[in-house]
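Notes for the structure review
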Amino acid sequence: MGAPTIGGQTTGAVTENSGIVISGDLDDVGFGTGNNDDTWSISSAAGYGTATINPTTGTWSYDLDDSNPVVHALDPSDTLIDTFTVRMLDADGRFDTQDITITITGAVCFTNGTLIDTAQGPRPVESLRIGDRIRTLDDGLQPLRWIGRLDVDADAQRSNARLRPAQIAAGALGSGLPRRDLLVSRQHRMLVSGPAAAMAFDSAEVLIPAIKLVGLRGITIDRTARPIAYYHLLLDAHHIVFAEGAPSESLLPAAQAMEMLPATARAEVAAILASDDSAMRYEPARTIARGGGRYRRFRDRMQREDLPLIAPQTVPEPAA
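So, a few notes on the structure that sits alongside this text. Quick caveat, the model's predicted, so the values are computed rather than measured.

Okay, the packing of aromatic side chains next. A full pass over the atoms with the stated rule returns four aromatic pairs. Their ring planes at 65° and their centres at 5.5 Å tell us that F201 and Y295 sit as a pair that is edge-to-face. Placement of the pair is F201 in helix α3 (residues 195-201) and Y295 in helix α6 (residues 292-305), with a sequence separation of 94 residues. In this structure Y295 comes out as buried when scored by relative accessible area, which is 8%. When the centroid spacing of 5.7 Å and the interplanar angle of 50° are considered together, the rings of F201 and F298 count as tilted. Of this pair, F201 sits in helix α3 while F298 sits in helix α6, and the two are 97 residues apart along the sequence.

On to the sheet that holds strand β1 (residues 6-8), then. Taken together, the four strands give an open sheet; going across it, the order is β1-β3-β6-β5, and neighbouring strands pair in antiparallel fashion. Pairing within the sheet leaves two strands with one partner each, and these edge strands are β1 and β5 (49-53). Averaged over neighbouring strand pairs, the angle between their axes works out to 30° when direction is ignored. Pairing of strand β3 (residues 22-28) with strand β6 (residues 59-64), which is carried by four bridges, proceeds in the antiparallel orientation. Residue G24 lies in a different strand from β6, and its bridge partner there is W60.

As summarised here, the arrangement of the four strands in space is β2-β8-β7-β4, forming an open sheet in which the pairing is mixed. Pairing within the sheet leaves two strands with one partner each, and these edge strands are β2 (11-15) and β4 (39-44). The sheet shows a mean angle of 30° between the axes of neighbouring strands, direction not considered. Where β2 and strand β8 (residues 95-105) come together, five bridges link them in parallel fashion. Counted as the bridge partner of A13 is T103 from β8.

Mapped onto the elements of the fold, D117 is located in strand β10 (residues 115-118). Of the polar contacts made by the side chain of D117, one reaches the side chain of R135; its length is 2.9 Å. Polar side-chain contacts of D117 include one of 3.5 Å to the side chain of R179. Look past the residues within four positions of D117 in its chain and what remains in contact with it is P122, I134, R135, R179, F242 and G245.

Along the chain, G121 falls in strand β11 (residues 121-124). Considering only alpha carbons, one finds G121 and I134, 13 residues apart in sequence, at a separation of 9.3 Å.

With that out of the way, let us pick up the nonpolar core. In terms of nonpolar packing, the biggest core is built from 38 residues, with I208, L213, F298 and L309 touching the most fellow members. Considering each element in turn, this core owes the most residues, four residues, to α3. The contact partners of L309, leaving out residues within four places of it in the chain, are A172, L173, V192, S193, L213, L216, I219, F298 and M302. Core analysis: the second largest hydrophobic core is formed by 19 residues, I6, W40, Y62 and F84 among them.

Reading guide: rules and limits
- Residues numbered from 1 in each chain as written.
- Predicted model: local features only at pLDDT ≥ 70, side-chain atom pairs only at ≥ 80, totals over all residues.
- Heavy atoms only, no water.
- Phe/Tyr/Trp six-rings, centres within 6.5 Å; stacked < 30°, edge-to-face > 60°.
- Helix = DSSP H or I, 4+ residues; strand = E, 2+ residues; numbered from the N terminus.
- Buried < 20%, exposed > 50% of the residue type's maximum accessible area, 1.4 Å probe, protein only.
- Pairing = 2+ DSSP bridges.
- Axes fitted to C-alpha atoms, helices over the stretch in contact; angles between N-to-C directions.
- Polar contact = N/O pair within 3.5 Å; in protein donor to acceptor, adjacent residues only side chain to side chain.
- Contact = heavy atoms within 4.5 Å.
- Core = buried A, V, L, I, M, F, W, Y, C linked by side-chain atoms within 4.5 Å.

Okay, structure coming up:
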């Protein structure tokens, strides 16, 4: 009889603040063995969430702790890796262990008080509800499918600077936008357009994280460290929405992360989005700016020529 060996699903992926508990099935694939007499347990806990396993079937689950400051500060363009270790013991006292690797993707968000353009006009983000129609740049009014919230107190912001939002002063983007001061998470991407964007990123319209705009006129990090709430808005696809009139992005779930979800979790997401192929629809609404050198060239030209971040023709007038 061969020694027990763990096989099956040993990876998973989840987007921060999605509320989804991911899971996977493990098996004893050792020669001459099976699952009937195996006992499963967690021998080393996860760092950013709670991992559990069914002691008889080997089905594990992982529930991400969205309140963890490290998780919340995660850049949406990056990933955070969490691991936990599973132990399998057979009836003869032999065992095997296996690390389970979880890839965590960050989410971008608006702060409470931000006015989002809707079918009823600008509304505070905290007043939005699932089903509300959100104004988008490309496809008119689109229904809100999911909204997430995370509260961040002043102490958390003092201890972790990445939890402090970026502040975009009224008019700082050009074309009179935003209409009022706008606070977004540091990695929330804003739509930037014009010749400087085209020169640096080979596209006339690009999405740039707010943190990469800090230092340009009127764009800073908010250091008041007052309690705030971050809100995530998920539509049927990645869209350009309007926050204080300024074009920005809705939540973009990482396509790879969505595809890696187990069937049960993917079904939950599909139910929320009312579409069984939802994971395939999340392509970026615009080119996502990347590359340190490109950012430097972009910023240098913006400062040298005092160009607006939003070309006047980019944003249409609000519908009557």
